[in-house]
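Summary of the model geometry
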Amino acid sequence: MSLPVEFKPLHIPPLEEVAEVLQKALQKNFAEVEVTVVNCPDLTKEPFCLKARGLCGSPRLADVGGVPHLMPHVQKDKLYDIKTLAVSVDLPDAFVVGAGAGPYPAVGVNSELMANIVTGDNCANGSHIAKIDSSGNSQLMKLPESATGCALMLNMFASEGLPGKVLRVWAKKRTGNINLVTCIRQALLSHYSEKPIGLGGTFRLVNGHAKCHVMPDFSTVPLTCTEDVNEWLRFFDMQAPMVFLSTLITKDHGLDLRLEHSHGYGSNCGGHYHYDTTPEIVEYEAFYNVAEFIYRVDRPKITHNLGRN
Ligand SMILES: [Zn+2]
């Protein structure tokens, strides 16, 4: 059965204009900032090691499912295949990066998904998951090539994976109170106001530590409030270098969206990004492209705002 899909166009300002807006705003939150328009570095190479070269060609965001599929009661029938999701967003041969819940049938338990996959005829799966192992530690795993699924929710950025112009955001030493992604999103919201803007791509935590969470296996009791969720989640202080896959959008656009979502991994850790914990030494380098559309796939029928930070 095909999934219900809605989509809306987004405002697409020139990259140079976005760079200027971000440069001004990020300077209020970081001591050193450089936002430029560059040719996307080859993302298949170190230090990114992703499955396609760039973030260009038909760039689009999709918000699939959502937290309401996880809580208060988990809906374990909410399973997706990223190859099918690429078709749902009208880009069957896509390079997809993003943050979601891992495919529990392949992993064995609930997990964080760092999606990094090329769909279509040349399918290549570089996705990782992070789970809580039997001794309560966080464990990073590369998914097998055939495990192209996800569960419950996924925030994805899809493109043709081509080289081309993108935004480069470099920021060092945090002087303000907000994390990198929120800072970018709020800057765009405040400048473009009613015009919705979406970005997707990847950022590196070059130096410092980040507070990240990893979902344990599904809760046996209903999660009914923020306190329940925070009790259930496992939080970790993770150390650079880490590569994050990231989406953000300025406005809900009437689609019941999650406004920002970033998952990342290092050599032996991974999870959901909250913020860096080392403002004095933190350093980020990000590459983002501006999305042309937001797709809403399998929007939860009953919704709430819990657990979206
Ligand atoms: Zn997450």
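Some details on the overall build of the protein chain
Helix and strand content of the protein chain: five helices and 19 strands. The globule rule puts the C-alpha radius of gyration for 309 residues at 19 Å, and the 18 Å found for the protein chain is close to it. If you line up the protein chain on its principal axes, its C-alpha atoms span 45 × 40 × 35 Å. Burial statistics for the protein chain: of 309 residues in total, 59% are counted as buried.

Points about the coordination of the zinc ion
Protein coordination of the zinc ion is provided by H261 (NE2), H263 (NE2) and H272 (ND1), with donor distances spanning 2.0 to 2.1 Å. When the donor residues of the zinc ion are listed from N- to C-terminus, their spacing reads H-x1-H-x8-H. With respect to class, H261 is no different from H263; both count as buried.

Points about the sheet that holds strand β11 (residues 165-174)
Strand order in this open sheet of nine strands is β2-β11-β18-β12-β15-β16-β17-β13-β14, and the pairing throughout is antiparallel. A strand with exactly one partner marks an edge of an open sheet, and here the two such strands are β2 (30-39) and β14 (234-239). Strand after strand, the sheet turns through a mean of 30 degrees between neighbouring axes, direction not considered. Pairing of strand β12 (residues 198-207) with strand β18 (residues 283-290) involves eight bridges; the strand directions are antiparallel. Paired with G200 across the strands is N289, a residue of β18. Across the sheet, helix α1 (residues 15-26) lies against β2, β11 and β18, angled at about 170 degrees from β2, the strand it touches most. Running at roughly 25 degrees to strand β15 (residues 242-249), helix α4 (residues 180-192) makes contact with β2, β11, β12, β15, β16 (260-265), β17 (270-276) and β18 of the sheet.

Re the nonpolar core
L22, L26, L180, I184, L188, L199 and F203 are the most contacted members of the largest nonpolar core, which has 68 residues in total. Among the elements that make up this core, the one with the highest residue count is α4 (seven residues). Leaving out residues up to four positions away in the same chain, L180 has contacts with L26, F30, V169, A171, F203, Y273 and Y284. Counting 23 residues, the second largest nonpolar core, distinct from the first, contains I82, L91, M156 and A158.

Brief notes about the side chain of Q23
You can see Q23 is positioned in helix α1. A distance of 3.1 Å separates a polar side-chain atom of Q23 from the backbone oxygen of V33. Other than its neighbours up to four places away in sequence, Q23 contacts V33, E34 and V35.

Concerning the packing of α1 against α4
Taken N-terminus to C-terminus, the directions of α1 and α4 make an angle of 115 degrees; their axes are 9 Å apart at the nearest point. The element α1 and its partner α4 pack so that their crossing is right-handed. Counted together, E17, V18, V21, L22, A25 and L26 of α1 and L180, C183, I184, A187, L188, H191 and Y192 of α4 form the full contact between these two elements.

Focus on the packing of aromatic side chains
Given two aromatic rings, their pairing is described by the distance between the two centres and the angle made by the two planes. Within the structure shown, the criterion is met by eleven aromatic pairs. Residues F7 and Y295 carry aromatic rings whose centres are separated by 4.8 Å and whose planes lie at 15 degrees to one another, so their mutual orientation is stacked. With F7 in strand β1 (residues 5-9) and Y295 in strand β19 (residues 293-297), this residue pair connects regions lying 288 residues apart in the sequence. A relative accessible area of 2% means that Y295 is categorised as buried.

Here we look at α1
With twelve residues, α1 extends 16 Å from end C-alpha to end C-alpha; this agrees with the ideal 16 Å at 1.5 Å per step. Every buried residue of α1 is accounted for by L15, V18, A19, V21, L22, Q23 and L26. Each element contacted by the buried residues of α1 is listed here: β2, β11, α4 and β18.

Brief notes about unusual backbone geometry
A cis amide bond links M71 to the next residue, P72, at an omega of 5 degrees. Looking along the chain, the bond that leaves A240 and enters P241 is cis, with omega of 0 degrees. With respect to the helices and strands, the residue P241 is situated in the loop between β14 and β15. A positive phi angle, near 55 degrees, is found at C49, a position not held by glycine. When you line up the elements, C49 lands in the loop between β2 and β3 (60-65). Looking at C49, the relative accessible area reads 37%, which means it is partly exposed. The phi dihedral of L152 is positive, around 65 degrees, even though this residue is not glycine.

Rules used in this analysis
- Residues numbered from 1 in each chain as written.
- Predicted model: local features only at pLDDT ≥ 70, side-chain atom pairs only at ≥ 80, totals over all residues.
- Heavy atoms only, no water.
- Helix = DSSP H or I, 4+ residues; strand = E, 2+ residues; numbered from the N terminus.
- Rg over C-alpha atoms; globule rule 2.2 N^0.38 Å.
- Buried < 20%, exposed > 50% of the residue type's maximum accessible area, 1.4 Å probe, protein only.
- Donors = N, O, S within 2.8 Å, 3.2 Å for Na, K, Ca; no water.
- Pairing = 2+ DSSP bridges.
- Axes fitted to C-alpha atoms, helices over the stretch in contact; angles between N-to-C directions.
- Contact = heavy atoms within 4.5 Å.
- Core = buried A, V, L, I, M, F, W, Y, C linked by side-chain atoms within 4.5 Å.
- Polar contact = N/O pair within 3.5 Å; in protein donor to acceptor, adjacent residues only side chain to side chain.
- Left-handed = near helix turned anticlockwise from the far one by under 90°.
- Phe/Tyr/Trp six-rings, centres within 6.5 Å; stacked < 30°, edge-to-face > 60°.
- Expected span 1.5 Å × (residues − 1).

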